[in-house]
Amino acid sequence: MSDTPLLQLRGITKTFGSVEALTDVEFEVNPGEVMALVGDNGAGKSTLVKCIAGTHTADHGHISFEGREVHINGPKDAARLGIEVVYQDLALCDNLDVVQNMFLGREINKFQVLNEAAMEYRTSETLKTLAVTTIKSVRQPVATLSGGQRQSVAVAKAVQWNSKLVILDEPTAALGVAQTEQVLALVRRLGERGLGVILISHNLHDIFETADRITVLRLGRSVAVFDRRSTTQQAVVEAITAGMPTKVAGVTQSHDEAQA
Amino acid sequence: MSTADVVGPDKAKPLEEEKLPGGLAGLWARSWLNIRTGNLGPLPIIIGQFAVVVLFGFTATNFFTSVNFVNLIDQSAGTAMLAFGVVFVLLLGEIDLSIGYLAGIGALVVAELQLPGSGHELNGLLAMLIAVAVCAAIGAFQGSIVAFVGVPSFVVTLGGFLIWQGVILNQLEQRGTIIIQDRWINYTDSYGFSPTAGWIIAVIASLLYPASILYKRVLARGTQIARVNLYGFAAKTIAIAVVAFGAVAIANHARVIKTVLGLPLSGVIVVFFFIALTFLAKWTTFGRHVYAVGGNAEAARRAGISVARIRVLVFAISGATAGIGGIIFAAQVNSVALTFPPGNLLLNAIAAAVIGGVSLFGGRGHVRGALLGAVLIGTLQNGLNTLSVSNGWIYIITGLVLLAAVTLDTFAVRLQARSGR
């Protein structure tokens, strides 16, 4: 891992009217690192991601990318830096095939005439380098793919443009067990290829299987950064909920707290 | 096979169609697989067309004549032009109800501009160009309201429907009929090519499909789009050649008194736009973006496609094709009168596209559907006319065919969904 972080946020503050969505947030991702971003609903995860992706602009604070201070004022700025976002609802066109989706909006063309062959070659290449082996044909409509395959296509679409940082918003939320494994393996491979990955998830199990480090947001503040190898799920849950594990789904209430 | 790259050794079993053998056996196996899984393509409508032709051939005495064949082309041409525009609008998941009267505006503008002694008498070709441009501009304007203001296209074009009907009424109520004397304009629905010219056109039309496949095979070697079953390719090429040469042969045989009618220009115009618009829809970035916006507008927007621009352009295309169709209809009667547009032009055009398999919900369908649908509707109405069936029955039968086509399509889509293709 290199010394300069790929992306570093310092003192990010963002307010909507009188609501302070983000306060003095510190956040960083190193190249080749999978950084999980966790927090309860309303903790500011989406707002932070939108500030990185250019959908929102932070009110205060500094963003540096590859050691240089940058201003991200729109999605195009983010794309130019090599930041790609895979949204939860994937943004794929069901009626188009895999190749057509991969190049949507950036078709290889000459005088507006499509070069289908080049697009098909490159799609096969990209899927091969990402070891996406479950897609039978790159010419099948996305409507016929399973949830995991669709997620793989969405990720491949995001990383094929020499992107350096990929943000994945709840990539496994709608998937079954086997497909979740597929996608998590893909996420790890992205890190192994040297990309920075921001993984937003509610599923701590997924995060502990995939992430290198974990940043916890609570009420718009970054409250903790954990190294996955030297922490426990319990510690992360406590950071998320400020020591009140009763509010976390799946964690059973202890007897005395339930009485209180 | 390039898919070998993405198919892992022990992962996902290959698609059923990849196990199919090549050659003739493969062709049959593939066709059977397509039918079982509801990928019928244009098959039902072609069968329907055959059935209708055979039926009328036996029952209507004047149907199976070469002169009626030429008439049929002239009558279907205008509807087909409008239906081309409908395909693009439906691909977006929108609707354009104004095209019937927009066709009227096209006819009105062209008639006014060519009017001798009006002080602004123009050459017919220039008049037609201006008329089509006016219709395209009106379409773009209506499309802008849909795209930028966000009013549903149904409402915007319903407004257009009333407005352009009103404009035509205002113009023609006092004047009655405007006669079109310009030969160029009237040629669009009356000119027949000489027999030799007809044969040359048949040769060109027959070569286009094999040329496009060869182009793909050479330029896209090794990709899946270049994979063509040789027998299927040969069968399609021969079918297209038979249709092209057959049409020319019949048209060259058609005589009124002693004049040979020849291949009608209206048919050639329609085929020209069929090829050009198919190219636009399938081979260009614009066409790809139309399908994308119709499939998932939000995904298209996030991919950096200007959805508004696509919408405006599609409505402009719809306006332009309506204008061209209107000119062809006006040329059919050498005039524009209050009775314009003829019959149920708007509904026939939409029905043609829908019978041709274009989905009303966007993102699914082909330009060829408009052509096949318009020819089927034209044949039905022409045949029923030669049988002297009442207009009421003609409407009822057209409606039943539309219902049957859409029902079949719905079942096909359900089959496709179940078989996961």
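Residues numbered from 1 in each chain as written. Chains lettered and ligands numbered in written order. Predicted model: local features only at pLDDT ≥ 70, side-chain atom pairs only at ≥ 80, totals over all residues.

## Topic: the overall build of chain A
And then number 1: Regarding its fold elements, chain A presents nine helices and twelve strands.
And then number 2: Rg of the C-alpha trace for chain A: 19 Å, near the compact-globule value of 18 Å for 260 residues, within the 12% margin.
And then number 3: C-alpha atoms of chain A, sized along the principal axes, occupy 65 × 40 × 35 Å.
And then number 4: Evaluated residue by residue, chain A yields a buried proportion of 45% over its 260 residues.
And then number 5: Looking at chain A alone, contacts between residues at least 24 apart form 66% of all its contacts between residues at least 6 apart. (Helix = DSSP H or I, 4+ residues; strand = E, 2+ residues; numbered from the N terminus. Rg over C-alpha atoms; globule rule 2.2 N^0.38 Å. Buried ≥ 20, exposed ≤ 12 C-beta atoms within 10 Å, placed from the backbone. Contact = placed C-beta atoms within 7 Å.)

## Considerations on the pairing of strand β1 (residues 7-16) of chain A
Residues and elements named next belong to chain A.
And then number 1: Here β1 runs beside strand β2 (residues 19-29); their pairing, made up of seven bridges, is antiparallel. The partner of Ile12 across the bridge, within β2, is Val25.
And then number 2: Turn length for the β1-β2 hairpin, with the two strands adjacent in sequence and antiparallel, is two residues, and the turn residue Gly17 shows positive phi of about 60 degrees.
And then number 3: Alignment of β1 against strand β4 (residues 60-65), held across five bridges, turns out to be antiparallel. (Pairing = 2+ DSSP bridges.)

## What about the sheet that holds strand β10 (residues 196-200) of chain A?
All names here are of chain A.
And then number 1: One open sheet accounts for six strands, arranged β6-β9-β10-β3-β11-β12; its pairing is mixed. The open sheet has two free edges, formed respectively by β6 (83-86) and β12 (221-227), since each of these has just one partner strand. Looking at each pair of strands side by side, their axes are set apart by 20 degrees on average, direction ignored.
And then number 2: Relative to β10, strand β3 (residues 34-39) runs parallel, the two sharing four bridges. Among the inter-strand pairings, Ala36 is bridged to a residue of β10, identified as Leu199. (Axes fitted to C-alpha atoms, helices over the stretch in contact; angles between N-to-C directions.)

## Notes on helix α4 (residues 116-129) of chain A
And then number 1: Here α4(A) contains 14 residues, and its C-alpha end-to-end distance of 20 Å stays within 8% of the 20 Å for a straight helix at 1.5 Å per residue.
And then number 2: Restricting attention to buried positions, one finds in α4(A) the residues Glu116(A), Ala117(A), Met119(A), Glu120(A), Thr123(A), Ser124(A) and Leu127(A). Along α4(A), the residues classed as buried sweep out an arc of 165 degrees about the axis, all on the same side.
And then number 3: As for α4(A), its buried residues are in contact with α3 (98-102), β8 (113-114) and α5 (147-159) of chain A together with α8 (195-219) of chain B. (Expected span 1.5 Å × (residues − 1). Arc of directions from axis to C-beta.)

## Quick notes on the nonpolar core
And then number 1: Grouped together as the largest cluster of nonpolar side chains are 187 residues, with contacts concentrated most on Leu199(A), Ala83(B), Val87(B), Val110(B), Ala353(B) and Ala370(B).
And then number 2: In contact with Val87(B), not counting residues within four places along its chain, are Ala353(B), Val358(B), Gly365(B), Val367(B), Gly369(B) and Ala370(B). (Core = buried A, V, L, I, M, F, W, Y, C linked by C-beta atoms within 7 Å.)

## Notes on the interface of chain B and chain A
And then number 1: On the chain A side, the residues contacting the 35 residues of chain B number 30 residues.
And then number 2: Going through the elements one at a time, α11 (285-295) and α12 (297-302) of chain B are the ones with two or more residues in the side of chain B that touches chain A.
And then number 3: Looking at the side of chain B that touches chain A element by element, the count peaks at six residues for α11(B).
And then number 4: Grouping the amino acids of the side of chain B that touches chain A by side-chain chemistry returns 16 nonpolar, twelve polar and seven charged. (Nonpolar A, V, L, I, M, F, W, Y, C, P; charged D, E, K, R; others polar.)

## Details of unusual backbone geometry
And then number 1: That bond from Phe340(B) to Pro341(B) is cis: its omega, -5 degrees, falls within 30 degrees of zero.
And then number 2: Here Pro341(B) shows up in the loop between β4 (335-336) and α14 (345-355).
And then number 3: A positive phi angle is found at Phe111(A), which is not glycine, with a value near 50 degrees.
And then number 4: In this fold, Phe111(A) is placed in the loop between β7 (109-110) and β8.
And then number 5: The phi dihedral of Leu219(A) is positive, around 50 degrees, even though this residue is not glycine.
And then number 6: Looking at the element boundaries, Leu219(A) is found in the loop between β11 (213-218) and β12.

## Observations concerning the packing of helix α4 (residues 99-114) of chain B against helix α5 (residues 124-149) of chain B
Packed helices, taken two at a time, are described by the angle their axes make and the gap between the axes.
All names here are of chain B.
And then number 1: Two elements in contact, α4 and α5, have axes whose closest approach is 8 Å; the angle formed by their N-to-C orientations is 145 degrees. Both α4 and α5 take part in a crossing whose hand is right-handed. Within the contact between the two elements, α4 uses Leu102, Ile105, Gly106, Val109, Val110, Leu113 and Gln114 and α5 uses Gly124, Ala127, Met128, Ile130, Ala131, Val132, Val134, Cys135, Ile138 and Gly139.
And then number 2: Looking at the contact of α4 with α5 residue by residue, the class counts come to 13 nonpolar, four polar and no charged. (Left-handed = near helix turned anticlockwise from the far one by under 90°.)

## Examining the environment of Gly198(B)
And then number 1: Its location among the elements puts Gly198(B) in helix α8.
And then number 2: Residues Gly198(B) and Leu265(B), spaced 67 residues apart in sequence, show a C-alpha to C-alpha distance of 9.8 Å.

## Comments concerning the environment of Ala320(B)
And then number 1: With respect to the helices and strands, the residue Ala320(B) is situated in helix α13 (residues 307-333).
And then number 2: Separated by 221 residues in sequence, Ala320(B) and Ile99(B) have C-alpha atoms that sit 9.4 Å apart.

## Concerning the sheet that holds β2(A)
Residue and element names in this part refer to chain A.
And then number 1: In spatial order, the strands read β2-β1-β4-β5; together these four strands make up an open sheet with antiparallel pairing. Looking at strand neighbours, the two that pair on one side only are β2 and β5 (68-70), the edges of this open sheet. Neighbour-to-neighbour, the strand axes of the sheet open up by a mean angle of 30 degrees, direction not taken into account.
And then number 2: With respect to the sheet, helix α1 (residues 45-53) is in contact with β1 and β2, its orientation differing from that of β2 by roughly 65 degrees.

## Looking at the confidence of the model for chain A
All names here are of chain A.
And then number 1: Per-residue confidence for chain A gives a mean pLDDT of 85; residues scoring 70 or more make up 92%.
And then number 2: At the low end of the mean pLDDT range in chain A sits helix α9 (residues 255-259), at 42; at the high end sits α3, at 94.
And then number 3: Contacts for the low-pLDDT stretch residues 244-260, under 50 throughout, to residues beyond four places or in other chains number ten contacts. (pLDDT = per-residue confidence, 0-100.)

## Considering the environment of Ala251(B)
All names here are of chain B.
And then number 1: As for its placement among the helices and strands, Ala251 is situated in helix α9 (residues 230-253).
And then number 2: Sequence-wise, Ala251 and Gly262 are eleven residues apart; in three dimensions their C-alpha atoms are separated by 4.7 Å.
And then number 3: Setting aside chain neighbours within four positions, we find Ala251 in contact with Ser66, Phe69, Val70, Gly192, Gly198, Leu261, Gly262, Leu263 and Pro264.

## Observations regarding the pairing of β3(A)
Residues and elements named next belong to chain A.
And then number 1: Taking burial as the measure, the six residues of β3 include six buried ones, the bulk of the element.
And then number 2: Sheet analysis places β3 next to β11, joined by five bridges and oriented parallel. Among the inter-strand pairings, Met35 is bridged to a residue of β11, identified as Arg213.

## Describing helix α6 (residues 177-192) of chain A
Residues and elements named next belong to chain A.
And then number 1: Compared with the 22 Å implied by 1.5 Å per residue over 16 residues, the 23 Å span of α6 between its first and last C-alpha is a close match.
And then number 2: Listing the buried residues of α6 in full gives Thr180, Gln182, Val183, Leu184, Leu186, Val187, Leu190 and Gly191.
And then number 3: Contacts from the buried residues of α6 go to β3, α5, β9 (165-169), β10 and α7 (204-210).
And then number 4: Directly after α6, the chain includes Gly194, whose backbone phi takes a positive value near 95 degrees.

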